[in-house]
Amino acid sequence: MRTERDFLGEMEIPRDALYGINSVRARENFPDTAPFHPEWYRAMATVKRACYITARDFIEKSSEKYDLKTLPIKFPSVDILKTLEKCALKCEEGEGFDHFIVPAVSGGAGTSINMNVNEILSNMSLLMLGKKPGEYSFVDPIESANIFQSTNDVVPTALKVAAMRLLMNLEKSINRLRGEVEAKEKEYRNTIRMGYTQMQAAVPTTYGRLFSGYGDALSRDWGRVSRCLETIKVVNLGGSAIGTSVSVPNYFVMEVTRTLQTITGLPMTRGENLSDATSNLDPFVEAHGILKAHAVNLEKMVNDLRMLGSDLRGTSKISIPKKQVGSSIMPSKVNPVIPEFVISSCHKIYANDQLISSLSAQGCLELNAYLPVIGHALLESLKLLIASNNTCAMNLVSGVEIDPKAEEERILKSPTISTLLLPYIGYKKSGEVAELMKKENITIIEANKRVGCVEEKILLELLKPSNLAQGSFLLENIAKGEEKK
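Residues numbered from 1 in each chain as written. Predicted model: local features only at pLDDT ≥ 70, side-chain atom pairs only at ≥ 80, totals over all residues. Heavy atoms only, no water.

Helices and strands together make up the secondary structure of the protein, namely 17 helices and 8 strands. By the compact-globule yardstick of 23 Å for 485 residues, the protein is too spread out, its C-alpha radius of gyration being 31 Å. Projected onto its principal axes, the C-alpha positions of the protein cover 110 × 55 × 35 Å. In the protein, which comprises 485 residues, the proportion classed as buried is 51%. Long-range contacts, defined as pairs at least 24 residues apart, comprise 73% of the intrachain contacts of the protein with a sequence gap of at least 6. Carbon and sulfur atoms provide 53% of the accessible area of the protein, an area that totals close to 23,200 Å². (Helix = DSSP H or I, 4+ residues; strand = E, 2+ residues; numbered from the N terminus. Rg over C-alpha atoms; globule rule 2.2 N^0.38 Å. Buried < 20%, exposed > 50% of the residue type's maximum accessible area, 1.4 Å probe, protein only. Contact = heavy atoms within 4.5 Å. Areas by Shrake-Rupley, 256 points an atom, 1.4 Å probe, with all protein chains shown as cover.)

What follows deals with the nonpolar core. Judged by nonpolar contacts, the single largest core of 105 residues is most densely connected at Trp40, Leu167, Leu170, Leu177, Met301 and Leu382. Among the elements that take part in this core, helix H5 (residues 151–187) stands out by supplying 14 residues, more than any other. The contact partners of Trp40, leaving out residues within four places of it in the chain, are Ile113, Val155, Ala158, Leu159, Ala162, Leu371, Pro372, Gly375, His376 and Leu379. Counting 20 residues, the second largest nonpolar core, distinct from the first, contains Leu421, Ile444, Leu459 and Leu462. (Core = buried A, V, L, I, M, F, W, Y, C linked by side-chain atoms within 4.5 Å.)

Time to look at the pattern of salt bridges. According to the stated counting rule, one finds 16 salt bridges in the structure shown. Across the pair Glu10 and Arg5 runs a salt bridge, and its minimum N-O distance is 2.7 Å. By relative accessible area, which is 52% here, Glu10 ends up exposed. (Salt bridge = Lys/Arg side-chain N within 4 Å of Asp/Glu carboxyl O.)

A surface patch of nonpolar side chains, about 280 Å² in accessible area, is lined by Tyr66, Leu71 and Ile73. By the element assignment, Ile73 lies in the loop between helix H2 (38–63) and helix H3 (78–92). Relative accessible area serves as the criterion here: at 44%, Ile73 is assigned to the partly exposed category. (Patch = residues over 30% accessible without salt bridge, like charges linked within 9 Å, V, L, I, M, F, W, Y side chains within 5 Å.)

Inspection of the secondary structure puts Ser381 in helix H11 (residues 371–395). Polar side-chain contacts of Ser381 include one of 2.7 Å to the side chain of His288. Other than its neighbours up to four places away in sequence, Ser381 contacts His288, Leu291, Ile349 and Asn352. (Polar contact = N/O pair within 3.5 Å; in protein donor to acceptor, adjacent residues only side chain to side chain.)

Confidence in the prediction of the protein, expressed as mean pLDDT, is 89, and 95% of residues score 70 or more. This model gives residues 481–485 a pLDDT under 50, and the stretch forms 4 contacts once residues within four places in sequence are excluded. (pLDDT = per-residue confidence, 0-100.)

Remark: H2 packs on H3, axes separated minimally by 8 Å, with the N-to-C direction vectors making an angle of 160°. Between H2 and H3, the crossing angle belongs to the class labelled roughly antiparallel. The chirality of how H2 crosses H3 is left-handed. Counting all contacts with H2, which are made through Tyr41, Arg42, Ala45, Thr46, Arg49, Tyr52, Ile53, Ala55, Arg56, Ile59 and Glu60, the residues of H3 involved are Val78, Leu81, Lys82, Leu84, Glu85, Ala88, Leu89, Cys91 and Glu92. The class makeup of the residues in the contact of H2 with H3 is 12 nonpolar, 1 polar and 7 charged. (Axes fitted to C-alpha atoms, helices over the stretch in contact; angles between N-to-C directions. Parallel < 35°, antiparallel > 145°, perpendicular 65-115°, else oblique. Left-handed = near helix turned anticlockwise from the far one by under 90°. Nonpolar A, V, L, I, M, F, W, Y, C, P; charged D, E, K, R; others polar.)

The structure is reproduced here in structure tokens:
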């Protein structure tokens, strides 16, 4: 064990641990079991690497004009900053994450997150320099690893980096699902199905139209998600504690975001008003609202497919992939587990949306203390949506199969298909056909023969899949039918 001290007292730390006293205090104070998102951890390392590069540039340029040793302010050496930079790059790749012990939900506006990363970077640097963890006189978690930084600008900036990276993955997953949906639209473009309103049979339509609706909704989702990058690209890095850049060199404030943009390839920009960018979290609220809209579209789609493929419709004419055994007691039962997973994920996202909205409003004056749980919810929603899109594409939509003939037979016996006759014989006569179909359980062709409303040739023409798919009618066709009569 090694002993570490702060102004609150002493604590014993495992000798080889890369974390330190601040991290241990946080773990004891915040007994949450939800793990911190590794994406946020890696983004913290990315942001800190940008800070070390910029700080090193500042010190090197300043040393050309001034003798820094004579100034009252003391900076870590360029060599120390280079070592921290190397360690930050390792952490970006995930190294050291097993020493990140701060839970997902914590108090303190993210100070524990920042200090745990600072301690890991300091101790990794000490080991790289041939020292022991905890020998902070050589590389200090605050004086060195936290140079020109504050929790209040580094942690939210890292959250935006992590979110932007996940947003780019989400775009890809939406496009993957959209591709599968469009393939089904093409495959079943003219496959007739009965349309439903309020869970009651309505009028004929096609599976092509059904899937085209899903495809257009996903296209809108993709467009909105793409614009999310614009929504959250403004960062407050360099703003220090409350956006006033106190104790931060002007050079650092002007350059650090550009450095971050260069090393990430992300369109980050420095906020014109760093105080606003520090205290107000409405960009996260706006971005998550877009995620919620996408979740709504996903839930609608998978719920439709679950219902269409269910036993409630009798012998289903559409089948969704059988992915796993559905019961420990009922032989051969298979459940719609993919739609159930997606629906469960969507409702978690709705809950996260409420949390992000309400806690963002809880920001007080210059800062919001609830950034850790807000960030956790945002990243969770992004990951759930990526997972939902990918499993929908791979395990649901791609395996949907439809029996066209069975669907046509169902439609011919549905009384609501008499709606096709409205332009020819009116509402009342069409109603007589529908009632006869329902009473006798016969097709519209048989019912029409008995009632004698429309020439059979005209009816058969109307019932062609291509005409049913079209939906609308041309007055000239009705006129032609009347002439033939």
